[in-house]
Amino acid sequence: MPWLVFALAAGAASAVNVWAAKRLVASVRPAVLGGVVHVTGGLLCLALLPLVGADLSPAAERLPQLALMTGAYVLGNLLYFAALARSQLSEIDLFLRSSALWTVVGGTLVLREAFPVASLVGSVLILASLVVIADKPRRLRFSGPQLLALGAAIAFGAGNVVDKAISAPFDPLGYTALNLVLTGVGMLAVARPQPRELMARALWRPTAWTVAATFALTQWLIILAFQAGGTAGDVILVAQVRLVALMLVGMLVLGERDRAGRKVVAALLMVVGITALAALGQG
């Protein structure tokens, strides 16, 4: 299944992206960082278009759909970068990975993709994972950063559904360029950065270029996965590589060992839930 290869590669690229962004977000305003790296990644894609013989058609015919895509990703990334600045690396992706559930639900409601009753098993496990890692699980209370990350996951799930619905006529690299540039411009329009913020050294060092390049690579691979036959629900297979990698880096490299038991249990529930959702959803 070619889409599976693309999806897993996207997961690996996305893990590098989150790790690199986490290193930067303390020194640059989150919305500005997100806007700049998205625009930079999009411009990298635009520069490559002539080399691969691709273009941006049929963008002019799908402006309303592209506007919907932009809105979903601007909202999602504003919430995501705000959460990233205030969350541990070993915890934030547990909430972001719940986008698996929101993608499948959106694919079912909007695209009429299959959602067997058995898929509820995966859904329940994913929700249980979020409860375990909640700031106060007995009262089902989430911290501010956790709510930001959860909101980002829901917005990203909506974005995945829009991608699946409108990306087919586009060249994958062209669609990726549009996605990143429009998202970045939208974020900067909201952030209204000062010139000095845009000239911050951190935005033009190798780490920032890594974030931009992996944003482009991740989005491109996801679109390739869709066009290779993956449903909107297939994108959930991306999650497992990234979740495990980021949790290990956070706990073992960055020393984020507080609530370690809850993190491990939540990660296991999330991975099993994602796997069940994928396997049963394909059944």
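Source: prediction; values computed, not measured. (Residues numbered from 1 in each chain as written. Predicted model: local features only at pLDDT ≥ 70, side-chain atom pairs only at ≥ 80, totals over all residues. Heavy atoms only, no water.)

## Quick word on the overall build of the protein
1) Next: Across its full length, the protein carries 12 helices and zero strands.
2) Next: Helices and strands in the protein line up, N terminus first, as α-α-α-α-α-α-α-α-α-α-α-α.
3) Next: Here the C-alpha radius of gyration of the protein, 18 Å, is about what a compact globule of 283 residues would show, namely 19 Å.
4) Next: The principal-axis extent of the C-alpha atoms belonging to the protein is close to 50 × 45 × 30 Å.
5) Next: When burial is assessed residue by residue, the protein has 53% of its 283 residues classed as buried.
6) Next: Contacts in the protein between residues far apart in sequence, at least 24 positions, make up 88% of those at least 6 positions apart.
7) Next: Here the protein has roughly 12200 Å² of accessible surface; of this, 70% comes from carbon and sulfur atoms.
8) Next: Taking the average location of the 21 positive side-chain charges in the protein and that of its 12 negative ones, the two points are 12 Å from each other. (Helix = DSSP H or I, 4+ residues; strand = E, 2+ residues; numbered from the N terminus. Rg over C-alpha atoms; globule rule 2.2 N^0.38 Å. Buried < 20%, exposed > 50% of the residue type's maximum accessible area, 1.4 Å probe, protein only. Contact = heavy atoms within 4.5 Å. Areas by Shrake-Rupley, 256 points an atom, 1.4 Å probe, with all protein chains shown as cover. Lys, Arg positive; Asp, Glu negative; His and termini not counted. Charge placed at Lys NZ, Arg CZ, Asp CG, Glu CD.)

## Quick word on the packing of aromatic side chains
1) Next: For the structure shown, the criterion picks out seven aromatic pairs.
2) Next: Where tyrosine 73 meets phenylalanine 156, the ring centres are 6.3 Å apart and the plane angle is 35°; that geometry is what we call tilted. You can see tyrosine 73 sitting in helix α3 (residues 63-86) and its partner phenylalanine 156 sitting in helix α7 (residues 144-166), a full 83 residues away along the chain. Taken individually, tyrosine 73 and phenylalanine 156 each receive the classification buried, so the pair is uniform in this respect.
3) Next: Among the aromatic residues, those joined into a ring-pair cluster are Tyr73, Tyr80, Phe81, Phe156 and Phe215. (Phe/Tyr/Trp six-rings, centres within 6.5 Å; stacked < 30°, edge-to-face > 60°.)

## Description of the packing of helix α2 (residues 30-52) against α3
1) Next: Across the interface, α2 lies against α3 with an axial gap of 8 Å and an inter-helix angle of 125°. In terms of axis orientation, α2 runs oblique to α3. Crossing geometry of α2 relative to α3 is assigned as right-handed. Here α2 contributes Pro30, Ala31, Leu33, Gly34, Val37 and His38 to the contact with α3, which in turn contributes Asn77, Leu78, Phe81, Ala82 and Ala85.
2) Next: Looking at side-chain class alone, the contact of α2 with α3 contains eight nonpolar, three polar and no charged residues. (Axes fitted to C-alpha atoms, helices over the stretch in contact; angles between N-to-C directions. Parallel < 35°, antiparallel > 145°, perpendicular 65-115°, else oblique. Left-handed = near helix turned anticlockwise from the far one by under 90°. Nonpolar A, V, L, I, M, F, W, Y, C, P; charged D, E, K, R; others polar.)

## A few points about the nonpolar core
1) Next: One finds Leu33, Leu66, Tyr80, Phe81 and Leu94 to be the most contacted residues of the largest nonpolar core, which totals 72 residues.
2) Next: For this core, the leading source of residues is helix α10 (residues 206-227), giving 10 residues.
3) Next: Excluding residues that lie within four positions of it along the chain, tyrosine 80 makes contacts with Asn17, Val18, Ala21, Ile92, Leu96, Ala152 and Phe156. (Core = buried A, V, L, I, M, F, W, Y, C linked by side-chain atoms within 4.5 Å.)

## Looking at the environment of glutamate 91
1) Next: When you line up the elements, glutamate 91 lands in helix α4 (residues 89-96).
2) Next: Glutamate 91 gets classed as buried once you look at its relative accessible area, which sits at 10%.
3) Next: For glutamate 91 and lysine 263, which are 172 residues apart along the polypeptide, the C-alpha to C-alpha distance reads 7.0 Å.
4) Next: Those residues within four positions of glutamate 91 in sequence are excluded, and the remaining contacts are Ile133, Gln146, Arg259 and Lys263.
5) Next: For glutamate 91, the side chain forms a polar contact with the side chain of arginine 259, separated by 2.3 Å. (Polar contact = N/O pair within 3.5 Å; in protein donor to acceptor, adjacent residues only side chain to side chain.)

## Structural notes on the packing of α3 against α7
1) Next: It is the contact of α3 with α7, at a shortest axis distance of 8 Å, that shows an interaxial angle of 155°. Taken as axis vectors, α3 and α7 run roughly antiparallel relative to one another. The interaxial crossing formed by α3 with α7 has left-handed handedness.
2) Next: Among the residues forming the contact of α3 with α7, the class breakdown is 18 nonpolar, seven polar and two charged.

## Notes on unusual backbone geometry
1) Next: Each neighbour pair has its own omega, and for serine 57 with proline 58 the value is 0°, a cis peptide bond.
2) Next: Here proline 58 is to be found in the loop between α2 and α3.
3) Next: Even without glycine at this site, arginine 192 takes up a positive phi of about 50°.
4) Next: Using a relative accessible area of 67% as the deciding quantity, one classes arginine 192 as exposed.
5) Next: For arginine 259, which is not a glycine, the phi torsion comes out positive at approximately 55°.
6) Next: Relative to the helices and strands, arginine 259 is located in the loop between α11 (239-253) and α12 (260-282).

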